[in-house]
Each structure stands twice: as structure tokens, then as C-alpha cells.
Number of protein chains: 2
Amino acid sequence: MTRILGIDPGSQRTGVGVIDVDDAGRCTFVHCEALVLLDAADFPARLGRLCEGLETVIDGFRPDEVAIETVFMDKNASSALKLGHARGAALATVVRRHLAVHEYAPRLIKQSLVGRGAAEKAQVQHMVRLLLKLPDTKLQPDAADALAVALTHAHMSATALRAGASVALLRRRR
Amino acid sequence: MTRILGIDPGSQRTGVGVIDVDDAGRCTFVHCEALVLLDAADFPARLGRLCEGLETVIDGFRPDEVAIETVFMDKNASSALKLGHARGAALATVVRRHLAVHEYAPRLIKQSLVGRGAAEKAQVQHMVRLLLKLPDTKLQPDAADALAVALTHAHMSATALRAGASVALLRRRR
């Protein structure tokens, strides 16, 4: 059993999602929430709150691995920069807790969950609910994105594991 | 006496500079160094090392206030994003240590030290050495920039203090 923490960093809200994946690759829902940073006193205070919230989740749920989206390079440099700040604070927190971070491009996450790299957000959300057997209530979008990247990491690891197993099998057959 | 920590964040090297400023606004050099992050295993590990190094400086020198440059918006979005990550990790570390952060635009730092917003880096370095009575050896550039932003904060605080004192004096005279 491996516990995966997915993070969808943002300077207004940061989504976190925790799932367990067993040796057969089956995923079960553990936790998700959006850390709301908007009402902090200023921008540095938001980053402080992000780290604090993330540490609470890491210490409470003790994940084995962490998955995070790579940055979607926005045409708007200012918003990319704000996202960079949030992502930097999040990555530093994870590394300080001695956890390995795996990064996935947005297209790969969509491809992995929906089968199409250009899938819509609603489809990704739908698949997150379906795969984790969540009730048909609306997930907070950032929390859903965090679960999506955690699921992607689970799938990619299982695929890598199977590939590794096949290689091992082939080697044994030789 | 107030101790100021200046930070010049970067994902390859992060400069830190510590100065003391007395009630008359006189500044004395305490410490400066460049945290070298380049040889970390990967980008997240660099951010982790940045935070770790910064915490060591904060815990060792116990500054009262922190000053940092605002981001110079690069035409290169990718380098701005990397800088954003480093700056976010640095700001979060400072806030987690319950220190107030003051941000200064690059132009204001040059204006404050050299008297011209378009001053060259070498001139800023020269003034840093002069103001802090440092020997005429070459300062590491990022460490010098960190001292420059710390000095700017010292000057701005002294100016604000004088302005505040004048207002108080005027009020008393009424």
C-alpha cells in the first residue's frame, strides 16, 4: 500500500488530495481539501499559510509520495509568477519533509484520467469521482485537481511497475 | 538597534546579507554569503536547500526585520517562473519564522544607494562596500545585492522615522 499526496498549488487556493493505492493498483480516497489563502494579511502571509496547511496535511496523513502538476505557462506573466511563488513554497515544504516529488504535465494528467490530453475540467472531475467512488456531489475544483494528479501518479507508477515486472519476467525467461 | 536581513532570491544562488542599524541610522556589516543551490539533486531539492540555508541564517543571526527585492519582470517567462519559485520558498520561510517582510523595487534600491534608479550593478556594489566600510575585495554579487536591499530598508525606515518624528514635533508645536 502506498499513500500519495497530490498538490494543486495556487496563491489563492491550494488543493490537496490524498489517496491510497494497493499493490494491484486499486486507488481509494483518503482525504481532499482546498487550503484557502485569500484572506491572509498579504501575499507573503499567504505563502506562509500554504506551507503551514501543507505541513498539517503531511504530518496528519503521512503520505509516502507526492505528485504535483508542472506549471502551465500562462500568457499572463504576472499570474505565472504568482503561481511560481506558491509552487516554490509547496515544493520546499515537501522536500523539507524528505518526500520525493513527481511532476506531471497537465496534458498527461488529462490523458491518464480521461484518455484525451485536451479533456475538459468537468470530465477530469467526473473521472476523479468515478475512480475514487465518490458521491455525486460537486468536488471543490482545486481539491479535485489535486486528487487528479495523485491518481495520475498512481497510474504511472503501476504502469512502470508492470513494465518493470515484464522486464523481470523476460529476464527470467531468458 | 535593529538587525536587518536582506535576501536576494535565486534558484541557482540566493544571496543573504545581515546588517545592524542603530537609532541614528548608522549601518554596520554583520554577515553576508551566497547560498549555493546549483549542485542540489533537482529543482525541488534546490528549494529545500534554500529554505534550510535561510533558516540557519535566521536562527543564527536572529534578524528583527527582513527586506527583499520585488521581482524584476523578465521578458523570459521561464526564468521569471524559476525566480518566482525561489522567492516563494524564501518568503514562506521568513513568514514561518514570524518576521515582517518589506519589499523594494530594484529601481528604488539603486535610487536609495546610488541616487540613480538606472545605476549599474558595479556602482551599487561600490556603495555597499563604502557604506558598510568593507575592504576593497570583490563581494559575491548575490551577497552584495542582499546587503543592498538590507541597506535600502535601513534608509527607508530611518526616513520614515524622521518623517514620523517631524509630524510628532509639528503636532506638539500646535
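Residues numbered from 1 in each chain as written. Chains lettered and ligands numbered in written order. Predicted model: local features only at pLDDT ≥ 70, side-chain atom pairs only at ≥ 80, totals over all residues. Heavy atoms only, no water.

- Going by what an unreviewed UniProt entry lists, chain A is known as Crossover junction endodeoxyribonuclease RuvC and is assigned to Noviluteimonas gilva.
- Entered under Catalytic activity (unreviewed entry) in the UniProt record, the comment concerning chain A runs "Endonucleolytic cleavage at a junction such as a reciprocal single-stranded crossover between two homologous DNA duplexes (Holliday junction)."
- Taken from UniProt, the Subcellular location (unreviewed entry) comment for chain A reads in full: "Cytoplasm". (UniProt positions renumbered as here; feature names shortened; annotations may be inferred.)

Quick word on the nonpolar core
Moving on, step 1. One finds A:Leu5, A:Leu54, A:Val94, B:Leu5, B:Leu54 and B:Val94 to be the most contacted residues of the largest nonpolar core, which totals 47 residues.
Moving on, step 2. Look past the residues within four positions of B:Leu5 in its chain and what remains in contact with it is B:Val16, B:Gly17, B:Val18, B:Val57, B:Ile58, B:Pro63, B:Glu65, B:Val66, B:Ala67 and B:Ala150. (Core = buried A, V, L, I, M, F, W, Y, C linked by side-chain atoms within 4.5 Å. Buried < 20%, exposed > 50% of the residue type's maximum accessible area, 1.4 Å probe, protein only. Contact = heavy atoms within 4.5 Å.)

Quick look at the interface of chain A and chain B
Moving on, step 1. At the junction of the two partners, chain A supplies 24 residues and chain B supplies 24 residues.
Moving on, step 2. Here chain A and chain B share two salt bridges between them.
Moving on, step 3. The partner of B:Arg96 in a salt bridge is A:Glu55, with the nearest N and O atoms 3.1 Å apart.
Moving on, step 4. Run the count over chain A and chain B and you get six residue pairs in polar contact (both at pLDDT 80 or more). (Salt bridge = Lys/Arg side-chain N within 4 Å of Asp/Glu carboxyl O. Polar contact = N/O pair within 3.5 Å; in protein donor to acceptor, adjacent residues only side chain to side chain.)

Things to note about the sheet that holds strand β4 (residues 65-69) of chain A
Residues and elements named next belong to chain A.
Moving on, step 1. Taken in spatial order, the five strands make up an open sheet running β3-β2-β1-β4-β5, and their pairing is mixed. Strands at the two margins of the open sheet, each flanked by one partner only, are β3 (27-36) and β5 (100-104). Across the sheet, the axes of successive neighbouring strands diverge by a mean angle of 20 degrees, strand direction being ignored.
Moving on, step 2. Of the strand pairs in this sheet, strand β1 (residues 2-8) and β4 are connected by four bridges, and their pairing is parallel. Residue pairing across strands places Leu5 opposite Val66, the latter belonging to β4.
Moving on, step 3. Seen against the sheet, helix α1 (residues 43-61) touches β1, β2 (13-21) and β3 and runs at an angle of roughly 155 degrees to β3. (Pairing = 2+ DSSP bridges. Helix = DSSP H or I, 4+ residues; strand = E, 2+ residues; numbered from the N terminus. Axes fitted to C-alpha atoms, helices over the stretch in contact; angles between N-to-C directions.)

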